[in-house]
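Here's the letter readout for the chains.
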Amino acid sequence: MDDLAILEELNRNYIRSVQESDVGWFRDHLTSDFLNSNPDGTLVDRDGFLAQIAPPVAISGLQAEDVKIRVFGDMALIHARTRYRKPDGQPGVGRYTDTWQRRGSRWLCVAAHVTRG
């Protein structure tokens, strides 16, 4: 499988894991120095992110759209738009950028930035 196909699959699983609160997947795919910029402007480390992901999410139907993957040697950026349903049934939208790095034979996520509208 080439890098683009691997990163596409990792992106699909990232979104699935957010929707399903799959902490185990994130534990296996985030670097120890991972940082996440939350929509409220806070910055959390790997442990903080895993704690945020653990409870069941209030949104439903999370989907990534307009996914753009750019590979720069051993680094890659994934940009996408999200659509989801808020707890009150209203539609929600957002964007994210994930930064991936090839470490050894694996791609691992080193940073993420999330916005919501």
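As shown above, the structure is provided for reference.
What counts and what doesn't
- Numbers given to residues run from 1 along each chain, matching the order in which its sequence is written.
- Residues qualify for local features only when their pLDDT is at least 70, as the model is predicted, and side-chain atom pairs are given and counted only at 80 or more; totals for whole chains, interfaces and linings, by contrast, use all residues.
- Remark: hydrogens and water are excluded; side-chain values derive from all non-hydrogen atoms of the structure.
- Between rings of Phe, Tyr and Trp, where Trp is taken as its six-membered ring, a pair exists when centres lie within 6.5 Å; planes separated by under 30 degrees are stacked, by over 60 edge-to-face, and by other angles tilted.
- Under the DSSP-based scheme used, a helix requires at least four consecutive residues in state H or I and a strand at least two consecutive residues in state E, with every element numbered from the N terminus.
- Partly exposed residues are those whose accessible area sits between 20% and 50% of the maximum for their type, while under 20% is buried and over 50% is exposed, using a 1.4 Å probe and protein chains only.
- Here, a strand pair is defined by DSSP locating no fewer than two bridges between the strands.
- Helix axes are fitted to C-alpha atoms over the stretch in contact, other axes to C-alpha atoms as well, and angles between N-to-C directions run from 0 to 180 degrees.
- In what follows, residue pairs with any heavy atoms lying within 4.5 Å of each other are defined as contacts.
- The nonpolar core is taken to be a set of buried Ala, Val, Leu, Ile, Met, Phe, Trp, Tyr and Cys residues, with the residues joined through side-chain atoms within 4.5 Å.

### Focus on the packing of aromatic side chains
Across all of its chains, the model carries 6 aromatic pairs by this definition. Judged by centre distance (6.4 Å) and plane angle (70°), the ring pair of Tyr 14 and Trp 100 falls under edge-to-face. With Tyr 14 in helix H1 (residues 3-20) and Trp 100 in strand E5 (residues 91-103), this residue pair connects regions lying 86 residues apart in the sequence. With a relative accessible area of 6%, Tyr 14 lands in the buried category. Residue Trp 100 is classed as buried on the basis of its relative accessible area, which comes to 0%.

### Some words on the sheet that holds E5
Two strands in a sheet stick together by hydrogen bonds in their backbones, pointing the same way (parallel) or opposite ways (antiparallel). Here we have 6 strands laid out as an open sheet, ordered E2-E1-E6-E5-E4-E3, and mixed in their pairing. If you trace the sheet from one side to the other, it starts and ends with strand E2 (43-45) and strand E3 (60-72), each paired once. For this sheet, the mean inter-axis angle between neighbouring strands, taken without regard to orientation, is 20°. Its contacts with the sheet place H1 against strand E1 (30-37), E3, strand E4 (75-85), E5 and strand E6 (106-116), and it is angled at close to 150° to E3.

### Overview of unusual backbone geometry
Its identity as a non-glycine residue notwithstanding, Ser 21 has a phi of 55°, on the positive side. Along the chain, Ser 21 turns up in the loop between H1 and helix H2 (23-29). Accessibility expressed as a relative area gives 16% for Ser 21, which makes it buried. Backbone geometry places Asp 66, a non-glycine residue, at a positive phi of 50°. Topologically, Asp 66 is positioned in strand E3. Judged by its relative accessible area of 33%, Asp 66 is partly exposed.

### Concerning the pairing of E1
The sheet contact formed by E1 and E6 spans 4 bridges and is parallel. Counterpart to Asn 36 in the pairing with E6 is Ala 112. Direction of pairing for E1 relative to E2: antiparallel, over a ladder of 3 bridges. Residue pairing in the sheet places Ser 37 in a bridge with Leu 43 of E2.

### Regarding the nonpolar core
Judged by nonpolar contacts, the single largest core of 26 residues is most densely connected at Leu 7, Tyr 14, Phe 26, Leu 30, Phe 34, Phe 49 and Trp 100. When contributions to this core are tallied by element, the ones reaching two or more residues are H1, H2, E1, helix H3 (46-53), E3, E4, E5 and E6. Of the residues forming this core, the biggest block, 5 residues, is contributed by H1. If near-sequence neighbours (up to four positions away) are discounted, Leu 30 is found in contact with Tyr 14, Arg 46, Phe 49, Leu 50 and Cys 109.

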